[in-house]
Amino acid sequence: MARRVQQVAGALIIVCSSTAISARAQQSSGEQQFQRRCASCHSMEPDQNRAGPHLSGIVGRRAGAVEDANYSDALRESGIVWDEEALNSFLSNPRDMVPGSRMTFRVADAEDRQAIVEYLLRK
Ligand code: HEC
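My aim in this report is to walk through the structure given alongside it, one point at a time. (Residues numbered from 1 in each chain as written. Predicted model: local features only at pLDDT ≥ 70, side-chain atom pairs only at ≥ 80, totals over all residues. Heavy atoms only, no water.)

**Concerning the coordination of the iron atom of the ligand**
At step 1: Protein-derived ligands of the iron atom of the ligand are His42 (NE2) and Met103 (SD), with the metal-ligand distances lying across 1.9 to 2.0 Å.
At step 2: Viewed at the metal, the 6 donor atoms of the iron atom of the ligand are separated by angles of 88 to 178 degrees, and the geometry they form is octahedral. Placement of His42 in the loop between α1 (2–38) and α2 (73–76) and of Met103 in the loop between α4 (94–97) and α5 (110–122) is noted, with a sequence separation of 61 residues between them. The two residues His42 and Met103 agree in class, both being buried. (Donors = N, O, S within 2.8 Å, 3.2 Å for Na, K, Ca; no water. Tetrahedral: all angles 85-135°; square planar, octahedral: opposite > 155°, others 65-115°. Helix = DSSP H or I, 4+ residues; strand = E, 2+ residues; numbered from the N terminus. Buried < 20%, exposed > 50% of the residue type's maximum accessible area, 1.4 Å probe, protein only.)

Structure follows, in structure tokens:
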């Protein structure tokens with residue numbers, strides 16, 4: 001009986017630690033992907049706009065709301081408020097969601113997209 005308890009406990013520890021490892025892997029991959037794919041156009045520092053607006057505090061922000069950023073009228077007038085679903089949809093194809101958007105960069109892979117969106121949700 002004691003042995004069985006030990007085995008079950010051992011299995012649980014393995015399950016728990018592998019979940020933690022995959023969460024960590026996803027965390028770093030979301031951040032790494034952001035650095036690799038988005039950071040040339042988007043800073044995470046407020047008041048630092050590049051070709052695109054800064055994305056500090058993007059979740060809950062109205063689309064097109066950063067002062068002095070170079071937005072299309074289409075995005076500014078879209079009425080979008082950025083949440084997980086909206087970000088996911090925009091990144092899969094910005095011009096599908098917002099025809100006339102200045103951003104054309106797409107993240108086709110759903111897992112990559114999710115990792116990037118989760119990174120933005122934590123920021
Ligand atoms: C080549 C430059 C470029 C790249 C690369 C790029 N973007 Fe953009 N992004 C833009 C531009 C320009 C806009 C403004 C679009 C508009 O006004 O229609 C924008 C807008 C956005 C917005 C809306 C911001 C707001 O204030 O409403 C989000 C969110 C966003 N980008 C996320 C990302 C993410 C995440 C990545 C990486 C996967 C990325 N972008 C890659 C140029 C880029």
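There's plenty left to go through after this.
**Overview of the nonpolar core**
Within soluble globular proteins, side chains that are nonpolar tend to cluster in buried spots.
At step 1: Counting 24 residues, the largest nonpolar core has Phe34, Leu75, Trp82, Phe90, Leu91 and Leu120 as its most contacted members.
At step 2: Contributions of two or more residues to this core are made by α1, α3 (84–92) and α5.
At step 3: Leave out the neighbours within four places in its chain, and Leu120 touches Phe34, Met44, Leu55, Ile58, Val59 and Leu87. (Core = buried A, V, L, I, M, F, W, Y, C linked by side-chain atoms within 4.5 Å. Contact = heavy atoms within 4.5 Å.)

**Here we look at the site of the ligand**
At step 1: Around the ligand, a shell composed of 26 residues is seen, among which Cys38, Cys41, His42, Ser72 and Met103 lie nearest.
At step 2: In this structure, an oxygen atom belonging to the ligand sits 2.8 Å away from a side-chain N or O atom of Ser101.
At step 3: For the shell around the ligand, the secondary-structure elements that each account for two or more residues are α1, α3 and α5.
At step 4: Per element, the largest residue contribution to the shell around the ligand is 3 residues, and it comes from α3.
At step 5: For the shell around the ligand, the residue count by class is 18 nonpolar, 5 polar and 3 charged. (Near = heavy atom within 4 Å. Polar contact = N/O pair within 3.5 Å; in protein donor to acceptor, adjacent residues only side chain to side chain. Nonpolar A, V, L, I, M, F, W, Y, C, P; charged D, E, K, R; others polar.)

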